[in-house]
Amino acid sequence: MPIAIVRHFALALLLTPPVLFADTVYVTNEKDNTVSVIDFDTLKVVNTFSVGQRPRGIALSPDNKILYVCVSDDDAIRAFDVENLEPLYDLPSGENPETFVLSPSGDRIYTSNESDNIVTVIDTSRRSVLNQIDVGVEPEGVAISPDGKIMINTSETTNMAHWIDTETFQIFENSLVGQRPRDAAFDLDGRRLWVTAEIGGTVSVFDTASYEQIIELKFKIKGIRQDRVQPVGLYLTRDGKLAFFALGPANHVAVVDAQTYEVLDYLLVGRRVWKLAPTADEKFLLTTNGVSGDVSIIDIENMKVIKSIKVGRFPWGVAVHE
Amino acid sequence: MNAWWRCLSGVILRENLRFFHQKGRFFGTLVRPLVWLLVFAAGFRAALGVSIIPPYETYITYEVYILPGLVGMVQLFNGMQNSLSIVYDTEMGSMRILLTSPLPRWWLLVSKLLAGVSVSFFQVYAFLGFAYLFGIEMPPMGYLSTIPALLLNGLMLGSLGLLLSSKIRQLENFAGVMNFVVFPLFFISSALYPLWKMRESSEFLYYLCAFNPFTHGVEMIRFALYSHFNATGVGWVLLATVVFLTLALRGYRPERGLSRKRGE
Amino acid sequence: MNQPVLSADTVSYQYGGDAALDEVSLELVSGTFTALLGPNGAGKTTLISLICHLIETRQGSIRICGHDVRTAPIPALQQIGIVFQQPTLDLDLSVHQNLHYFAALRGMPRNKATRQINIEIERLEIGDIVNKTVRQLNGGHRRRVEIARALLHEPALLLLDEPTVGLDIPTRQQFVAYAHSLARERDVCVLWASHLIDEVDPGNDNLLILHQGKLCANGPADKVMREHSCDRLTDVYIKLTGERGS
């Protein structure tokens, strides 16, 4: 028995568990004007490249060939070739785009222009503005339904989620949410809409058939002041079972049972956790931690934070390429 | 060689039998670290989410941080308890039974030391078990890879206890020693705060902590719990063990006699 | 004559500046019972501690069956069985556990230990108490367990340091008789330190009287009495130590 233990120990020293994922992670560094590239095989930053001023929102086209980055202070959404990370062209995003959402087919981009109180709709193939929709004061989060028919925009000052028909570009419903709504997302089956409210500290869940609120989630973390619990980014698992919420300066990610709405756990990550994105196999969830300048990796099955990786200054958005 | 081994296992068996007869002691060794963990540490939940230090890969709660320190504390108190029981045995006479065995005296004392360490294993794993139940989990492999670190740390603290027992041979003096040895060792170490945090408050305190062998014992355990090997810690602990043990064995040479008080 | 079991040659010992033992020389052979008498502080415990290597002999030498205690303590200690003045059993352990612990300390294999333990238990008629904890035993039984323990490894020399302290009179007498029988029947060399004169059998025992670190009587008890022209041992004791024995 003692020999077995010694051998066990020796093995533990020599071997690290094999890593089976091979995704590439892109993270925008708001203050460095760069994007960090993390190889998920080695969990190391393998490349950092300049993208333009104040990069924030980031996403990949559905075919994984184009990487779109909001370069807010350049007033554009810049397209990069995923192969060589060279800039391809700028999309006309309107002024100071912060975040955006792609339509399911990738033919459109919806982005909000905070100071103009509008949402700009861009045709990605023609690289032109399709429409500009007047919304509430200080528009922020954007979300698209799985069938692409409904676009959601949240406005920070109006404290509303606007339901917009993507055929007519008309707001057809408004829902009151918590103070300063930041982000929104639909379930994969399109039945529910989730909206986070930063100052309100709440998450509102709506039934997409009736537009009625189902529940309002609140969070409470032992040892952390309530006013620091500020839900921002969110992620809903594809099976509809779990919902994750980045709680900003609370430095935790809340894990919620998406069926019972019970908070299952709070996971400690870096400081001012902002946005969330899963790996392709949905085994891990990545968080950007603005103030501490790193990305934390959550093991979704075990609900454990396994590692944090340093990136640039103030990482904001994250996108994963299989 | 067989006789040596039989002697060692006999001493280990006796210490463990004695330990399990003292239910109060078992309870006490568990309550102390659990109070720290569940009462004290709970209030500091987010206090440490500032910097990632090895062996940690990500941000940790304070409870996770102080777990190795409390494991060290369990072994520290056990080492002192063992030394106290040696003093008690000396006063009561059963130390004479041990020391008149026909084996080298150093081996008899090392057997006594190892017996104390074996008792600390029960305490440490019971504590880790409770911590696990309260949600403070280590990687599963860590529970195994910590065994050598526990052995080494236990030997170091046991040697220190043996050294103290060779100097202080009257029970009534022991409380003072606990105050002057246990508390500085524990508080001026990395058990409760990481060294970098100590450095922020005082450079002098930082150097004291970095010199404290208990710090290195705790760091060695901290790394071992994540199946990492902490060479600095192991080196320091080995060195301290050799020094303490050498001095302790000198203190128990027969030419020094067994009792300070004149015999009869 | 056989090789002496215990021999001491001009052994002196000081605590600080005070002489505890002053040039003590003696020789004891197997099958004899020797009483070591002396008032408290005479040096009895010091002598016993030197013999069993708890303290180092610095002046003079002590040999057990020919092995010098200082240079070859291990073979010397193998020949010694000891009953100390203080009780040295673990109170919360059973008699069995106590005896097995001691056998392990002596490096005795488990089956041999079991065999020896059974022999001694039978001899001392303590079979009914072996599974009790020592705490449950009375003083007489505790002493019996200790003497059983001291004999487990069949030593040539049995040291007993004030073994009857705290025992009631019948138990004490029984115990004294048993120690005498060991010398007679098992050929053990018994050294019995005491300040109780009535534990000595004047007809058969050897007598050692220590006073202020000096050995002032050494020889068969009857011979010592004759030398000092006393009829009673008590008178010899008072004459040599200036104290009334009990």
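Residues numbered from 1 in each chain as written. Chains lettered and ligands numbered in written order. Predicted model: local features only at pLDDT ≥ 70, side-chain atom pairs only at ≥ 80, totals over all residues.

**Some details on the environment of N206 of chain C**
Residue and element names in this part refer to chain C.
- Tracing the chain through its elements places N206 in strand β9 (residues 206-211).
- What makes N206 buried here is the crowd of 26 C-beta atoms within 10 Å.
- On a C-alpha basis, the gap between N206 and L36 in space is 8.6 Å, while along the polypeptide they are 170 residues apart.
- Apart from residues lying up to four places away in sequence, N206 is in contact with T32, F33, T34, G219, P220 and A221. (Helix = DSSP H or I, 4+ residues; strand = E, 2+ residues; numbered from the N terminus. Buried ≥ 20, exposed ≤ 12 C-beta atoms within 10 Å, placed from the backbone. Contact = placed C-beta atoms within 7 Å.)

**A short note on the interface of chain B and chain C**
- Listed by partner, the interface residues are 28 residues for chain B and 32 residues for chain C.
- Of all elements in the fold, only α1 (2-21) and α4 (94-99) of chain B reach the threshold of two or more residues within the side of chain B that touches chain C.
- Among the elements that make up the side of chain B that touches chain C, the one with the highest residue count is α1 of chain B (10 residues).
- The class makeup of the residues in the side of chain B that touches chain C is 11 nonpolar, 10 polar and seven charged. (Nonpolar A, V, L, I, M, F, W, Y, C, P; charged D, E, K, R; others polar.)

**Things to note about the sheet that holds strand β10 (residues 118-123) of chain A**
All names here are of chain A.
- The strand order across the open sheet formed by four strands is β8-β9-β10-β11, and the pairing between neighbours is antiparallel. Two strands lie at the open edges of the sheet, namely β8 (97-102) and β11 (128-134), each paired on one side alone. Along the sheet, successive strands turn relative to each other by an average axial angle of 25°, direction set aside.
- Where strand β9 (residues 108-113) and β10 come together, six bridges link them in antiparallel fashion. Bridge pairing in β10 links N113 to I118. (Pairing = 2+ DSSP bridges. Axes fitted to C-alpha atoms, helices over the stretch in contact; angles between N-to-C directions.)

**Comments concerning the environment of E30 of chain A**
All names here are of chain A.
- Tracing the chain through its elements places E30 in the loop between β1 (24-29) and β2 (34-39).
- Here E30 falls in the buried class, since 21 other C-beta atoms lie within 10 Å of it.
- For the pair E30 and L188, spaced 158 residues apart in sequence, the C-alpha separation works out to 29 Å.
- Once residues lying within four places of it in the same chain are set aside, the contact partners of E30 are R54, P55, R56, F314 and W316.

Everything listed is a geometric property; what it means functionally is a separate question.
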